[in-house]
Amino acid sequence: MPLSPASQLVRLSTLGACAFARVITPLRPGPLILRGGRAVASAADAADVKLRSFRKAMADAGVAAFVVPSGDAHLSEYTHPAYDRRAFLSGFTGSAGTAVVTADAALLWTDGRYFLQAEQELSPEWTLMRAGQPGVPSLESWLASNLPDASAVGIDASVHSVDEANTLRSALDAAQSGLRLEPLSPPNLVDSIWTGRPPPPLGKARLLPLSVAGASAEEKLAAAGEDLDKAKADALVLGSLDEVCWLLNVRGADVPHCPVLQAFALVHATHPTSATLFVERSKLDDEVSGALAAAGVAIAPYEEAEPAVRRLADEEGKTLLIDPKSVNYGLRLAAGGRAALATSPLILRKARKNAAELAGMLEAHLTDAAALAHFFAWLERVVVAEATPLTEVEIATKLASFRAAQPGFIDLSFPTIAGAGSNGAIIHYDCMVADAARVNTLDGSQMMLLDSGGQYATGTTDVTRTFHLGTPTDWQRECFTRVLKGNIGLDTLTFPEGTPGMAIDAFARQALWQAGLDYLHGTGHGVGAALNVHEGPHSISARWGNTCGLEEGMICSNEPGYYEAGAFGIRIENLLVARAAPTPNAFNGKAYLRFDQLTHVPIQASLLEPSLLTSAEVEWLDAYHARVWERVSPRVDADSEGARWLRRVTRPLAEQGVRGLPPSRTAAVAEAAAAL
């Protein structure tokens, strides 16, 4: 699932009050609920009523504008429905965007992944601001230029990062017109008008086994203590849910599709290192509580996190290390002059997967591949052999049921993106929240983009395949092949360790650029190990903002694409792990890296334009499919339609009937020798 090119870690919060929900019976505790997007306005008049109520609340608070981001108090990419404030207010259900409301304007900034979706979902009261496009000002610039002098811009400090708040404050100050940033006291202004707001989450915590985590909580805390000593800080403030869960080897069920526990943490530079976990106590059973206590972790009420930070700073004079990108501005204000702003030392530790985490991720991907083999076999039979059209909702629901039948399945890793025909061009399309009239039906005559993933006991998956069950056009085949060439180009790369993703992004775009084509999202994002499907700090993107170097053990998606509005969309996504490359030299003492694939799902041969492929690319495809068969076939019943489908689509391209392939490199060498 692609990230915006604008940053290495966009907040993606695609879950919320269900516009559609279907229950199926998985092999896991409790039902699997297919969730759509956020709590949304049902009609334009409902949006207008909300805006009138919201503007009255703004006037009562004394602010001329209010900024509503996507995230929660943990700046999460995904949020629980109780925190889907931006979607509730605006009606836009995309997973990234920020709303601004003034007395006479309502604006929504979002990136290129969501332009089409926002056009469809926003009421006439709202103005879409296409972020990053020529002539479109940033949110900060617009506020600095369009508010009356001496106005206040209101925010809820708990849902903005330190960096976001500081950037906005600087822009207002630079206007030199008396504008000021005004952090408002609770409750959030949106909450004050949100009738029927869902209650906060109460999911139960669980322990992640050492065999999956690869390092104990005690070991991780000790390493964090060493980081604090180096930084000359007394405590580390943790707000990101995945950092808290990774550090303490716990997982939760507080955010749909993300196995995280809603909690803050403080790591104390004691010897041995200790920590305080701020969490609703009812979420912890005796086993979890005992394990945390044994690791030196004290438990405190969730709402005590900010007072605890203030007490450490004001009363005890402690220096608190705060990551300005991942800790909310409210905690920064609580720390006052005792805050030391620096990147969290846990981010890189979490991103560099150990051997146990990588083994668990591969296991999850092979399990996931078996589910997809059964799904694609079923889909072909129903749509092609039985000539039964299926809606996107039916397809997404059936795919979820195949995953749920696999051992170790816990949840989907994000809402399935199932876009048939024109909906494939909506980069983060969600059929579960789309208007019924916009949901397409697959009858075999159109392309379909399917981006999906699962959360398993040992790992997290994210895979995209584009397919056509009928006869694609020549143009569709050319576009598909150029996207695939980009995927292979990145996959086969060898590069120096420490190279930032922005330096290799062009390898995924080169074949598209040669035809004057491109895509408006990043090429790759990090993925957590049995954690969030998106994680930083690394990424692969055309934007120059993220200079984090790629290191051995990092996992990254490889997902170039191409999208034609109103027609079709193409994306091919594998997850890759960076490994040491056995190069014959090590110039200047540098180590080199290559990629290994975690994803094992066939790529459709009938969508290829053979004249665009090189011999090396054909060999790559044949070798990839041979590995898929070797590793996945033992996981599907040999007599099943899934096994028969897998055998058919993993044969060499020539055996699948692909005509016009370039000669193999061996044959080409032989022909050249014969000519001499």
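Procedures and definitions
Residues numbered from 1 in each chain as written. Predicted model: local features only at pLDDT ≥ 70, side-chain atom pairs only at ≥ 80, totals over all residues. Heavy atoms only, no water. Helix = DSSP H or I, 4+ residues; strand = E, 2+ residues; numbered from the N terminus. Rg over C-alpha atoms; globule rule 2.2 N^0.38 Å. Buried < 20%, exposed > 50% of the residue type's maximum accessible area, 1.4 Å probe, protein only. Contact = heavy atoms within 4.5 Å. Areas by Shrake-Rupley, 256 points an atom, 1.4 Å probe, with all protein chains shown as cover. Lys, Arg positive; Asp, Glu negative; His and termini not counted. Charge placed at Lys NZ, Arg CZ, Asp CG, Glu CD. Domains from an automatic or database assignment. Buried area = accessible area lost by both parts, 1.4 Å probe. Polar contact = N/O pair within 3.5 Å; in protein donor to acceptor, adjacent residues only side chain to side chain. Nonpolar A, V, L, I, M, F, W, Y, C, P; charged D, E, K, R; others polar. Salt bridge = Lys/Arg side-chain N within 4 Å of Asp/Glu carboxyl O. Axes fitted to C-alpha atoms, helices over the stretch in contact; angles between N-to-C directions. Left-handed = near helix turned anticlockwise from the far one by under 90°. Core = buried A, V, L, I, M, F, W, Y, C linked by side-chain atoms within 4.5 Å. UniProt positions renumbered as here; feature names shortened; annotations may be inferred. Pairing = 2+ DSSP bridges. Parallel < 35°, antiparallel > 145°, perpendicular 65-115°, else oblique.

Draft legend 1. Up close: the overall build of the protein. Looking only at helices and strands, the protein features 20 helices and 31 strands. Here the C-alpha atoms of the protein give a radius of gyration of 25 Å, agreeing with the 26 Å that 2.2 N^0.38 yields for 676 residues. Here the protein holds 676 residues, and 59% of them are scored as buried. Taking as baseline every contact in the protein between residues at least 6 positions apart, the subset at least 24 positions apart corresponds to 72%. In the structure as shown, the protein presents an accessible area of about 25,000 Å², 54% of it carried by carbon and sulfur atoms. The protein carries 57 positive and 75 negative side-chain charges, and their two centres are separated by 1 Å.

Draft legend 2. Geometry of the domain arrangement of the protein. We note that the domain assignment places domain 1 (49-193), domain 2 (206-351) and domain 3 (355-493 + 556-575 + 603-668) within the protein. Between the C-alpha centres of domain 1 and domain 3 there is a distance of 37 Å. Contact with domain 1, which involves 10 residues of that partner, is made by 10 residues of domain 3. For the domain 1 and domain 3 pair, buried surface summed over both sides reaches about 830 Å², with 60% attributable to carbon and sulfur atoms. Of all residues in domain 1, Arg113, Leu116 and Gln120 bury the most surface against domain 3, accounting for 56% of the area lost on that side. The tally of links from domain 1 across to domain 3 stands at 2 residue pairs in polar contact (both at pLDDT 80 or more). Residues of the side of domain 1 that touches domain 3, tallied by class, amount to 3 nonpolar, 5 polar and 2 charged.

Draft legend 3. Structural context of the pattern of salt bridges. Throughout the structure, instances matching the rule amount to 30 salt bridges. Ionic pairing is found between Glu535 and Lys353, a salt bridge with its closest N-O pair at 2.6 Å. Here Glu535, found in strand S26 (residues 535-540), pairs with Lys353, found in the loop between helix H13 (346-351) and helix H14 (355-385); they are 182 residues apart in sequence, far enough to count as distant. According to the relative accessible area criterion, Glu535 is buried, its value standing at 1%.

Draft legend 4. Geometry of the side chain of Ser95. Tracing the backbone through its elements, the reader meets Ser95 in the loop between helix H2 (85-90) and strand S4 (98-102). At 3.4 Å, the side chain of Ser95 and the side chain of His428 are in polar contact.

Draft legend 5. Structural detail: the packing of helix H4 (residues 139-146) against helix H5 (residues 162-174). In contact at an axis separation of 9 Å, H4 and H5 are set at 30° when each is read in the N-to-C sense. When the axes of H4 and H5 are compared, the crossing they make is right-handed. For the pair H4 and H5, the contacting residues are Leu139, Glu140, Leu143 and Ala144 in the first and Thr167, Leu168, Ala171 and Leu172 in the second. Residue composition of the contact of H4 with H5, grouped by class: 6 nonpolar, 1 polar and 1 charged.

Draft legend 6. Structural detail: unusual backbone geometry. Geometrically, the link from His271 to Pro272 is a cis peptide bond, its omega value of 5° lying close to zero. In this model, Leu75 sits at a positive phi of 55°, which is unusual for a non-glycine residue. With respect to the element layout, Leu75 can be found in the loop between strand S3 (65-68) and H2.

Draft legend 7. Representation of the nonpolar core in the model. Ranked by internal contacts, the top residues of the largest apolar core, which has 121 residues, are Leu248, Leu261, Leu277, Phe375, Phe376, Leu379 and Leu442. Per-element tally for this core: the top contributor is H14, with 13 residues. Both domain 2 (206-351) and domain 3 (355-493 + 556-575 + 603-668) contribute no fewer than three residues apiece to this core. Once residues lying within four places of it in the same chain are set aside, the contact partners of Leu379 are Val384, Leu390, Ile395, Leu442, Phe467 and Leu469. Among the nonpolar cores identified, the runner-up in size contains 26 residues, and Ala99, Val101, Ala106 and Leu189 belong to it.

Draft legend 8. Fine view of the UniProt feature "domain: Peptidase M24" (unreviewed entry) in the protein. Taken from the UniProt record, the annotation "domain: Peptidase M24" (unreviewed entry) applies to residues 360-578. Helix makes up 30% of residues 360-578 and strand 25%. Its end C-alpha atoms lie 16 Å apart.

Draft legend 9. Structural context of the sheet that holds strand S8 (residues 180-183). In space, the 6 strands of this open sheet follow the order S6-S5-S4-S3-S7-S8, with mixed pairing throughout. Every interior strand has two partners, whereas the edge strands, strand S6 (127-130) and S8, have only one. Taking each pair of neighbouring strands and ignoring which way they run, the sheet shows an average axis angle of 25°. Together, S3, S4, strand S5 (106-110), S6 and strand S7 (152-155) form the strand contacts of H4, whose direction differs from that of S4 by roughly 10°.

Draft legend 10. A look at the environment of Leu358. Assignment of secondary structure puts Leu358 in helix H14. Judged by relative accessible area, Leu358 falls into the buried class, the value being 9%. Separated by 139 residues in the primary sequence, Leu358 and Glu497 place their C-alpha atoms 18 Å from one another. Once residues lying within four places of it in the same chain are set aside, the contact partners of Leu358 are Lys353, Gly553, Ile555, Val577 and Arg579.

Draft legend 11. Representation of the packing of H14 against helix H15 (residues 392-404) within the structure. H15 packs onto H14 with a crossing angle of 140° between their chain directions and a minimal axis gap of 8 Å. One way to sum up the angle between H14 and H15 is to call them oblique. H14 and H15 meet at a crossing whose hand is right-handed. Taken together, the residues of H15 that come into contact with H14 (itself represented by Asp368, Ala371, Leu372, His374, Phe375, Trp378 and Leu379) are Ile395, Lys398, Leu399, Phe402 and Arg403. Its residues placed into classes, the contact of H14 with H15 shows 8 nonpolar, 1 polar and 3 charged.

Draft legend 12. Inspection of the sheet that holds strand S23 (residues 463-468) at higher detail. Judged by pairing direction, the sheet is antiparallel, and its 3 strands sit side by side in the order S19-S21-S23 without closing on themselves. Because the sheet does not close on itself, it has two edges, and the strands there are strand S19 (417-420) and S23. Neighbouring strand axes in the sheet, compared pairwise and without regard to direction, differ in orientation by 10° on average. Judged from the 4 bridges that link them, S19 and strand S21 (residues 447-452) form a sheet pairing that is antiparallel. Bridge assignment links Gly419 to a residue of S21, and that residue is Leu449.

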